[in-house]
Every structure is written in C-alpha cells, then in structure tokens.
Amino acid sequence: MKRHLFMLGLLFAVPAFATSTTPTTQGTAQGEHRPPPFERKSGVRLLLDHRQELALTDTQAASLERIQAALDAKNAPVKASLEALRPSPPPGGGEQGSRPPGPPPDTGTQDDAARRANWEKAHGLFDELRANDMAAYQEAEQVLTDAQKTQAQALLQSEMRSHHGPGPGGRGGPRRGE
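Residues numbered from 1 in each chain as written. Predicted model: local features only at pLDDT ≥ 70, side-chain atom pairs only at ≥ 80, totals over all residues. Heavy atoms only, no water.

Quick notes on the confidence of the model for the protein
So, step 1. Mean pLDDT over the protein stands at 74; residues scoring 70 or higher make up 57%.
So, step 2. The least confident element of the protein is helix H2 (residues 25-29), whose mean pLDDT is 43; the most confident is helix H5 (residues 58-85), at 93.
So, step 3. Residue range residues 13-31 is modelled with pLDDT below 50. Its contacts to residues more than four positions away, or to other chains, number 41 contacts.
So, step 4. Here residues 94-98 is modelled with pLDDT under 50, and outside its nearest four sequence neighbours on either side it reaches 10 contacts, counting other chains as well. (pLDDT = per-residue confidence, 0-100. Helix = DSSP H or I, 4+ residues; strand = E, 2+ residues; numbered from the N terminus. Contact = heavy atoms within 4.5 Å.)

Quick word on the pattern of salt bridges
So, step 1. Inspection of every chain in the model, using the stated rule, returns five salt bridges.
So, step 2. Between Asp-49 and Lys-41 there is a salt bridge; the shortest N-O distance is 2.7 Å.
So, step 3. Arg-51 is paired through a salt bridge with Glu-65; the nearest N and O atoms lie 3.1 Å apart. With Arg-51 in helix H4 (residues 51-54) and Glu-65 in helix H5, this residue pair connects regions lying 14 residues apart in the sequence. (Salt bridge = Lys/Arg side-chain N within 4 Å of Asp/Glu carboxyl O.)

Some details on the environment of Ala-135
So, step 1. Note on placement: Ala-135 falls in helix H6 (residues 110-141).
So, step 2. Relative accessible area serves as the criterion here: at 42%, Ala-135 is assigned to the partly exposed category.
So, step 3. Taking the C-alpha atoms as reference points, Ala-135 and Gly-43, separated by 92 residues in sequence, lie 10.0 Å from one another. (Buried < 20%, exposed > 50% of the residue type's maximum accessible area, 1.4 Å probe, protein only.)

Brief notes about H5
In an α-helix, one full turn covers 3.6 residues, which means residues spaced three or four apart are oriented alike.
So, step 1. Taking 1.5 Å of rise per residue, the 28 residues of H5 would be expected to cover 40 Å, and the 39 Å separating its terminal C-alpha atoms lies within 8% of that figure.
So, step 2. The sharpest bend along H5 comes to roughly 40°, located at Asn-75, with the proline Pro-77 sitting one to four residues further on.
So, step 3. Every buried residue of H5 is listed here: Gln-60, Ala-61, Ser-63, Leu-64, Ile-67, Gln-68, Leu-71, Asn-75, Val-78, Leu-82 and Leu-85. (Expected span 1.5 Å × (residues − 1). Bend = angle between axes of the 7 residues up to and from the residue.)

Points about the nonpolar core
So, step 1. One finds Val-44, Leu-47, Leu-54, Leu-64, Ile-67, Ala-140 and Ala-152 to be the most contacted residues of the largest nonpolar core, which totals 16 residues.
So, step 2. Mapped onto this core, the elements with two or more residues apiece are helix H3 (43-49), H5, H6 and helix H7 (146-163).
So, step 3. Ranked by residues supplied to this core, first place goes to H3 with four residues.
So, step 4. When near neighbours in sequence (up to four residues on either side) are disregarded, Leu-54 contacts Leu-47, Gln-148, Gln-151, Ala-152 and Leu-155.
So, step 5. One finds Leu-82, Leu-85, Leu-125 and Leu-129 within the second-largest nonpolar core, a separate group that totals seven residues. (Core = buried A, V, L, I, M, F, W, Y, C linked by side-chain atoms within 4.5 Å.)

Notes on the side chain of Gln-148
So, step 1. Along the chain, Gln-148 turns up in helix H7.
So, step 2. On the basis of relative accessible area, Gln-148 is assigned to the buried category, the value being 7%.
So, step 3. There is a polar contact of 2.9 Å between the side chain of Gln-148 and the backbone oxygen of Leu-54.
So, step 4. Not counting residues up to four positions away in its chain, the partners in contact with Gln-148 are Leu-54, Ala-55, Leu-56 and Gln-60. (Polar contact = N/O pair within 3.5 Å; in protein donor to acceptor, adjacent residues only side chain to side chain.)

So, the environment of Gln-138
So, step 1. Mapping Gln-138 onto the fold places it in helix H6.
So, step 2. In the structure, Gln-138 is positioned 95 residues away from Gly-43 in sequence and 9.4 Å away in space, judged by C-alpha atoms.

What to know about unusual backbone geometry
So, step 1. Although it is not a glycine, Ala-55 adopts a positive phi angle of roughly 55°.
So, step 2. You can see Ala-55 is positioned in the loop between H4 and H5.

Quick look at the structure:
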C-alpha cells in the first residue's frame, strides 16, 4: 500500500508554482504547449479515459464519473484561487524566460515579499489539489477489481513518466520528441 501511495504521490506531484505557467520560447519553438500544472488530468479522469483498456462496466464508469464530478466541484474554487495568483505578463509582452521552479528570489523589496507570499499561497493550494486528487483516486480504486487496480497503476506510472520524463536535451541527450 505504501508503494502504491508513493507512486500516486509521484504522479500527482505538481511542479512548484513559478512566476509564469506559459511555455518558454524553446517550448513554443517546438510547437509544444504545456497546460498549467493544475489543469493536468486527475487519476480518476485517466481511468475514465482508459475505460476500454480497463474493461470498466457501465456501473463502474458511472461511479467514476460521479467521483470525477465531485472532484471537479471540490477543486473549482482552488483552481480559481490559483488562476487569480498567476502573474500578468511583463510589460512589453515579452516572455519572462525560464526560471527554475521554487520561491522567487528575495531581493528585499516589498514587491518580492508579495511575490513570495503568493508563491507560498500557491504552494499550499497545489498541496490541496494533490490531496483532493489522491483521495478521489483512493475512492475510485474501491470501484475497481484487483486486476483493474493493477492495470490502473501501470497506466498511472506511464502517465507519470510522460509528465516527468527527460527534459529538452541537456548533457548531450536528444530533445523531447526527437
């Protein structure tokens, strides 16, 4: 059970809220658009998207739809709060460039303090989204058979690798998609 929860934790680990969730110029040049971290699919949505592979019955699918609807309703105000925390684009419409995830640097200004407070607030909201998603997935697992649970865990691991796979190049490795 601990391994299962660890894998779920890795799957739903959301990158820290950076100052912008828009793609970098490099990602845009490759035609890649990454959704904001809070717009990624939940574990329950992933199960519903793979209902044929999991051979879900109509009753199971209906239960999962109900769980997903409850999760969406629970997460809606949290997502709205996160959206309100997103910074506006810099003046001149230029990109902010890439910044490592984490709290904004502290240069001692009042603006930095506000940014840091927003980052900490966003971090707490992401934790709340992750906890909601894990609770919904655990509820969804109660609907699945043992064979379906095993298959669902494999799907989640595959999805985790696609979101947390190798980045664009580096150390001589190929760029994503090449």
